[in-house]
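Given next are the chains, with one letter for each unit.
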Amino acid sequence: MVSKEKALELLIEGNQRFASGNPAYPNQGAERRLEGLNGQSPFAVIIGCADSRIPPEILMDQGIGDLFVIRVAGNIIDDAILGSVEYAVAHLGSPLVMVLGHNLCGAVQAAIDGGEAPGHIGALVEAIQPAVDAIKADEADLLRQSNTSKC
Ligand SMILES: [Zn+2]
């Protein structure tokens, strides 16, 4: 298994290949699929949003067995997700855990907008709401401090 520093380097290099339009599509052939029959040893865990525009394997230009990806709308963390992270680190030996956020997240926007969310979407919004409230409180403090310093 690689070090956490090497794992981060591999992710950054892969993202640079993707961003530059020159992905290598590594570890995606028949040989790699056969290697998977003997187990897995992903070099990084990525916790990401389920948003269809941000698939970690593609954004980081990685292949089969390289990443242990956990995705849920809004990047929320609950016991099942923590259990998945712990499994990857403790049992698979993944040296690096990355939380991959993104712009224009619909789940975060729903929490910002407030109001009633239908069905189980409310559970996502409820999990994100404390972070939105904290930012709104910080903004209010900044505005108050700004107004005070001008007086
Ligand atoms: Zn999102």
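Note that the coordinates shown come from a computational prediction; the quantities given were computed from them, not determined experimentally. (Residues numbered from 1 in each chain as written. Predicted model: local features only at pLDDT ≥ 70, side-chain atom pairs only at ≥ 80, totals over all residues. Heavy atoms only, no water.)

**Student:** Would you take a moment to explain the overall build of the chain for this structure?
**Tutor:** Within the chain, the regular secondary structure consists of six helices and three strands. Seen through its C-alpha atoms, the chain measures out along the principal axes to roughly 65 × 40 × 30 Å. Relative to its full complement of 151 residues, the chain shows a buried share of 30%. Contacts in the chain between residues at least 24 apart in sequence constitute 70% of all its contacts with a sequence separation of at least 6. Carbon together with sulfur atoms contributes 57% to the accessible area of the chain, which is approximately 9,500 Å² in total. With 10 positive and 19 negative side-chain charges, the chain shows a separation of 6 Å between the mean positions of the two kinds. (Helix = DSSP H or I, 4+ residues; strand = E, 2+ residues; numbered from the N terminus. Buried < 20%, exposed > 50% of the residue type's maximum accessible area, 1.4 Å probe, protein only. Contact = heavy atoms within 4.5 Å. Areas by Shrake-Rupley, 256 points an atom, 1.4 Å probe, with all protein chains shown as cover. Lys, Arg positive; Asp, Glu negative; His and termini not counted. Charge placed at Lys NZ, Arg CZ, Asp CG, Glu CD.)

**Student:** Which parts of the structure should I look at to understand the sheet that holds strand β1 (residues 44–48)?
**Tutor:** Remark on secondary structure: sheet strands pair via backbone hydrogen bonds, oriented parallel or antiparallel. A sheet is described by the order of its strands in space; here three strands give the open sequence β2-β1-β3, paired in parallel fashion. Edge positions in the open sheet fall to β2 (67–71) and β3 (97–100), since each of these has one partner strand only. The sheet shows a mean angle of 20° between the axes of neighbouring strands, taken without regard to direction. By the bridge criterion, four bridges tie β1 to β3 in an arrangement that is parallel. Note that in β3 the partner of G48 across the bridge is L100. Taken strand by strand, helix α4 (residues 79–90) contacts β1, β2 and β3, and its axis lies near 175° from that of β2. (Pairing = 2+ DSSP bridges. Axes fitted to C-alpha atoms, helices over the stretch in contact; angles between N-to-C directions.)

**Student:** What exactly am I supposed to notice about the packing of aromatic side chains here?
**Tutor:** The description of an aromatic ring pair uses the distance of the two centres, along with the angle that the planes make with each other. In this structure the tally under the stated criterion is one aromatic pair. Measuring from centroid to centroid gives 6.2 Å for F68 and Y87, while their planes differ by 45°, and the two rings are tilted. With F68 in strand β2 and Y87 in helix α4, this residue pair connects regions lying 19 residues apart in the sequence. Given the relative accessible area of 16%, F68 is considered buried. The exposure class of Y87 is partly exposed, given its relative accessible area of 39%. (Phe/Tyr/Trp six-rings, centres within 6.5 Å; stacked < 30°, edge-to-face > 60°.)

**Student:** I would appreciate a short explanation of the pattern of salt bridges in the present structure.
**Tutor:** Any two side chains of opposite charge can pair if their charged atoms end up close together. Per the stated rule, a full pass over the model turns up six salt bridges. With its nearest N and O atoms 2.8 Å apart, the salt bridge here joins R32 to D66. Linking R32 in helix α2 (residues 30–35) with D66 in the loop between α3 (56–59) and β2, this pair joins segments that are 34 residues apart in sequence. Of the residues examined, D66 reaches a relative accessible area of 5% and is grouped as buried. Residues D51 and R53 are paired through a salt bridge, measuring 2.6 Å at the closest nitrogen-oxygen approach. In this structure R53 comes out as exposed when scored by relative accessible area, which is 53%. (Salt bridge = Lys/Arg side-chain N within 4 Å of Asp/Glu carboxyl O.)

**Student:** Got a minute to help me understand the coordination of the zinc ion in this structure?
**Tutor:** Perfect tetrahedral coordination of a metal by four donors corresponds to 109.5 degrees between them, and perfect octahedral coordination by six donors corresponds to 90 or 180 degrees. Ligation of the zinc ion by protein atoms is provided by C49 (SG), H102 (NE2) and C105 (SG), these donors lying 2.1 to 2.2 Å from the ion. Of note, the donors binding the zinc ion are all from one chain and are spaced C-x52-H-x2-C. Placement of C49 in the loop between β1 and α3 and of C105 in the loop between β3 and α5 (106–113) is noted, with a sequence separation of 56 residues between them. A relative accessible area of 4% means that C49 is categorised as buried. (Donors = N, O, S within 2.8 Å, 3.2 Å for Na, K, Ca; no water.)

Keep in mind these numbers describe shape, not what the thing actually does.
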